[in-house]
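A look at the structure
Spelled out from the first residue to the last, the chains are:
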Amino acid sequence: MTIPDDIRTDETLDPNDWDAMRALGHQMIDDMMDYVQTLRDRPTWQEMPQHVRDYFKQPLPQEPQAEADVYQDFMEYVMPYPLGNLHPRFWGWVLGTGTPMGALAEFLAATMNSNTGGGNHAANLVEEQVLDWVKEMYHFPPESSGLLVSGASMANLVGLTVARNTLAGYDIRTEGIRANHRMTVYASSEVHSCMQKNVELLGLGSDSLRLVPTNAAYEIDLEALQATITADREAGFHPICIVGNAGTVNTGAFDDLNALADIATREKMWFHVDGAFGSLVAITEDYRHLTNGMDRADSLAFDFHKWMYMPFEIGGTIVRHKDAHYNAFTLTPTYLTHGNRGTAAGDRWFSDYGVQLSRGFRALKAWMSLKNHGIQKYGRLIQQNIEQVHYLLSLLENDPEFDITAPSPINIACFRFVKDGLTDEQLNDLNRDIIYELHERGIAVPSYAILNGIYSIRVANTNHRTRHEDFDMLVQAVKEIGSELVG
Ligand SMILES: Cc1ncc(COP(=O)(O)O)c(C=O)c1O
């Protein structure tokens, strides 16, 4: 059949003018490097003006806009209004700072546009290599399996899924949840909220997540844990998994992981550790003892976009039992059969170990960053972050205008500004307002934790750009703003 010339097209999305595209790419690199190099000169955060909010209400573009103009729009409406987590004085929630090398790796990964769900190509070897390094960092056996995922929420989901499927005692993938077989999961009341989402997603229901009380250091109460498991068994429940915290989100507390491993072994339960950021103290000289017992976990969730300073998104799960991991997720329809030769070959397809079939090349930024900086430097930086927080605490400790509101085993400090004569309720409001002011004035971004009803200013230092002097500035600013608001 002959197609008339006037309707035969071979359109493409590649640029018409490669030289112009190349020049624009160079411009982007220059602008981004300038931006990162001069972060300190900018506020930590700024409010978006109304015209910026309005700008994002436009209809779907119908016609092309020149690349340079699109980039100009990005520079005008997006780039000036970040969350602020690259800034040296950002310590909110547990966010990472990223690195220039990580950003460049993202560009390379996006250019290759590899799909790491499976197939016979180097990107999968890169992920295997990164996972082998992770096992080495965490002292897991080399025959363990693993998977890189978007972050710790997903990493915990992978671990809990393997736990549920392995410990259900029947073929849950085929049968689904049995109404008369109530499986229960145990964690401290300080466990991250993703764990509740995960048990809900797994069909267990949030009631099945038993939140065990903690001691004054926010570590799980072992006796209460044991008593809850025993009572549940007697009541006909099926306890399947204990989740240990290696660094809780509020205060950085570590559960006694060895004791949890002992209980899990005795009770024939799965032992999963949420080590989103805290697991990384395993690579420090002076704080690695906190992770003792973590290497006994059946599965471990970790994040590299938090305390390994890599660009979002990258977390992962290591599973000690490779077959259990594989059996929880593998599904190979004919159109995904793994070949013996050629592009489809390869005995390890990552899509057999998680939910995603198509997967990006997130391993590249980890591989390039680890090679570039070396694990020892990461260990030093993580330790530096902890010691910077100790410095902050030393500034607060003897100052009558501050209360320290929680123990700080690692990189998180919780405290509040106090004034005589104010009730706890008034202090809660005052400290909330201090945080708003710090944010809005662009001075610093701490977040908050509510600890035994006390609203606390919370600094989580996963920032490789922070210097000790940044904490001098924070303390000074809190005192000034606090006095101003009280006055
Ligand atoms: C202890 C802990 N677990 C899980 C998560 C969830 O991680 P992500 O945000 O990467 O999904 C966080 C996030 O801060 C965390 O601190």
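The rules behind these values
Residues numbered from 1 in each chain as written. Predicted model: local features only at pLDDT ≥ 70, side-chain atom pairs only at ≥ 80, totals over all residues. Helix = DSSP H or I, 4+ residues; strand = E, 2+ residues; numbered from the N terminus. Buried ≥ 20, exposed ≤ 12 C-beta atoms within 10 Å, placed from the backbone. Contact = placed C-beta atoms within 7 Å. Pairing = 2+ DSSP bridges. Axes fitted to C-alpha atoms, helices over the stretch in contact; angles between N-to-C directions. Expected span 1.5 Å × (residues − 1). Near = placed C-beta within 6 Å. Nonpolar A, V, L, I, M, F, W, Y, C, P; charged D, E, K, R; others polar. Arc of directions from axis to C-beta. Core = buried A, V, L, I, M, F, W, Y, C linked by C-beta atoms within 7 Å.

Right, let's get into the overall build of the chain. Helix and strand content of the chain: 15 helices and twelve strands. Dimensions of the chain, computed from C-alpha atoms along their principal axes, come out at roughly 85 × 60 × 45 Å. Burial status across the chain gives 43% buried among its 487 residues. Within the chain, contacts between residues separated by at least 24 positions form 74% of all contacts whose residues are at least 6 apart in sequence.

On to the sheet that holds strand E2 (residues 145-149), then. With respect to topology, seven strands assemble into an open sheet ordered E2-E8-E7-E6-E5-E3-E4, the strand pairing being mixed. Each edge of the open sheet is held by one strand with a lone partner, namely E2 and strand E4 (209-212). In this sheet, neighbouring strand axes are inclined to one another by 20° on average, regardless of whether the strands run parallel or antiparallel. As defined by bridge partners, strand E6 (residues 270-274) adjoins strand E7 (residues 299-303) across three bridges and the pair is classed as parallel. Paired with Val273 across the bridge in E7 is Leu300.

Before going further, it helps to examine helix H9 (residues 222-234). A rise of 1.5 Å per residue sets the reference length of H9, with its 13 residues, at 18 Å; its end C-alpha atoms lie 18 Å apart and thus fit the reference within 8%. Looking one or two places after H9, you find Gly236, whose phi comes out positive at around 95°.

Below, the discussion takes up the site of the ligand. Taken together, 14 residues are adjacent to the ligand, and Gly151, Ala152, Ser153, His192 and Ala276 come closest. In the shell around the ligand, the residues fall into seven nonpolar, five polar and two charged.

Let us look at the sheet that holds strand E12 (residues 454-460). Overall, mixed pairing links the five strands, which are arranged E1-E11-E12-E10-E9 in an open sheet. On the outer flanks of this sheet lie strand E1 (90-91) and strand E9 (402-404), each paired with one strand and no other.

Every α-helical turn comprises 3.6 residues, leaving residues that sit three or four positions apart pointing alike. Given a rise of 1.5 Å per residue, 17 residues ought to cover 24 Å, and the 24 Å separating the end C-alpha atoms of helix H14 (residues 424-440) matches this to within 8%. Along H14, the residues that are buried comprise Asn431, Ile434, Ile435, Leu438 and His439. When H14 is viewed along its axis, its buried side chains cluster within an angular range of 135° and face the same direction. In H14, the exposed residues that point more than 90 degrees away from the buried face are Glu425, Gln426, Tyr436 and Glu440. Turning to H14, the residues buried within the fold contact strand E10 (412-417), strand E11 (445-451), E12 and helix H15 (468-486). Just past H14, the residue Gly442 takes up positive phi, approximately 75°.

Attention now moves to the nonpolar core. With 114 residues, the main nonpolar core has Val185, Cys241 and Ala363 as its most contacted residues. Per element, the largest residue contribution to this core is eight residues, and it comes from helix H6 (residues 152-167). Discounting chain neighbours no more than four positions away, the residues touching Val185 are Val199, Leu204, Ser208, Leu209, Arg210, Ile240, Cys241 and Val243.

Here we come to the pairing of E10. Along any regular strand the residues' side chains alternate between the sheet's two faces. E10 sits mainly inside the fold: six of its six residues count as buried. On E10, burial covers both faces: Ile412, Cys414 and Arg416 on one face and Ala413, Phe415 and Phe417 on the other are all buried. Sheet analysis places E9 next to E10, joined by three bridges and oriented antiparallel. Bridged to Phe402 within E10 is Phe417. Looking at chain direction, E10 and E12 are connected through four bridges and run antiparallel. When the sheet's bridge partners are listed, Phe415 is paired in E12 with Ile457.

Across the five residues of E2, five count as buried, placing the element largely inside the fold. Neither face of E2 is left uncovered, since the one carrying Ser145, Leu147 and Val149 and the one carrying Gly146 and Leu148 both have all their residues buried.

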